[in-house]
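Chains, contacts and geometry: an overview
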Amino acid sequence: MMCKYHLNVGDMFRTKAGLGLIVKKSGGYFHYSNVGADQNKAYPKIATKKFYEYCDDKTNQQVLEVILLPNRKYRRKRK
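I will try to describe carefully the structure that is included in this document. In this text the structure is predicted, and so the values were computed from the model without any measurement. (Residues numbered from 1 in each chain as written. Predicted model: local features only at pLDDT ≥ 70, side-chain atom pairs only at ≥ 80, totals over all residues. Heavy atoms only, no water.)

Considerations on the sheet that holds strand 2 (residues 18–26)
The 5 strands lie next to each other as 4-3-2-1-5, forming an open sheet whose pairing is antiparallel. Two strands lie at the open edges of the sheet, namely strand 4 (45–47) and strand 5 (63–67), each paired on one side alone. When strand polarity is set aside, the average angle formed by the axes of neighbouring strands in this sheet is 35 degrees. Across 3 bridges, strand 3 (residues 29–34) lies against strand 4 in antiparallel orientation. When the sheet's bridge partners are listed, F30 is paired in strand 4 with I46. Against the sheet, helix 1 (residues 48–56) touches strand 1 (12–15), strand 3, strand 4 and strand 5, its axis set at about 80 degrees to strand 4. (Pairing = 2+ DSSP bridges. Helix = DSSP H or I, 4+ residues; strand = E, 2+ residues; numbered from the N terminus. Axes fitted to C-alpha atoms, helices over the stretch in contact; angles between N-to-C directions. Contact = heavy atoms within 4.5 Å.)

Thoughts on the packing of aromatic side chains
For the coordinates displayed, the defined rule picks out 5 aromatic pairs. For the pair F13 and F51, a centre-to-centre distance of 5.1 Å together with 70 degrees between the ring planes defines the contact as edge-to-face. Linking F13 in strand 1 with F51 in helix 1, this pair joins segments that are 38 residues apart in sequence. The pair formed by F13 and F51 is uniform in burial state, with each residue classed as buried. (Phe/Tyr/Trp six-rings, centres within 6.5 Å; stacked < 30°, edge-to-face > 60°. Buried < 20%, exposed > 50% of the residue type's maximum accessible area, 1.4 Å probe, protein only.)

Quick word on the environment of H6
The residue H6 is located in the segment before strand 1 in this model. The exposure class of H6 is partly exposed, given its relative accessible area of 22%.

Here we look at the pairing of strand 3
Here strand 2 pairs with strand 3 via 6 bridges, running antiparallel. Within strand 3, the position partnered with G20 by the bridge is N34. In textbook terms, the turn of a hairpin is the stretch between consecutive antiparallel strands, and for strand 2 and strand 3 this stretch comprises 2 residues, one of which, G27, has a positive phi near 60 degrees.

Some words on the nonpolar core
By size, the foremost hydrophobic cluster in this structure holds 12 residues: C3, L7, F13, I22, F30, Y32, I46, F51, Y52, C55, V63 and V66. Those elements that provide at least two residues to this core are strand 3, helix 1 and strand 5. Counting residues per element, this core draws most heavily on helix 1, at 3 residues. (Core = buried A, V, L, I, M, F, W, Y, C linked by side-chain atoms within 4.5 Å.)

A word on helix 1
Residues separated by three or four positions in an α-helix point in the same direction, a consequence of the helix having 3.6 residues per turn. For helix 1, every residue scored as buried is listed here: T48, F51, Y52 and C55. Down the axis, helix 1 shows its buried residues gathered within 95 degrees of arc, on one side only. Looking at the buried residues of helix 1, the elements they touch are strand 1, strand 3, strand 4 and strand 5. (Arc of directions from axis to C-beta.)

Here it is in structure tokens:
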């Protein structure tokens, strides 16, 4: 399991396309921003369940790395 903790706003993830920053978490979706892309558009979203599946799937390697915000006080572990 690549991501042992639940993700929150401010956490980053790396894919083959580049870096993504989680900017909003609502209604079972992560809204994220592509780092370095044009920031004047609506944020794309992905279902949290689907994102965690991508993190745990080693065959496709959709999400290569998860970078947690270092100064977050509390984090819940994923089951």
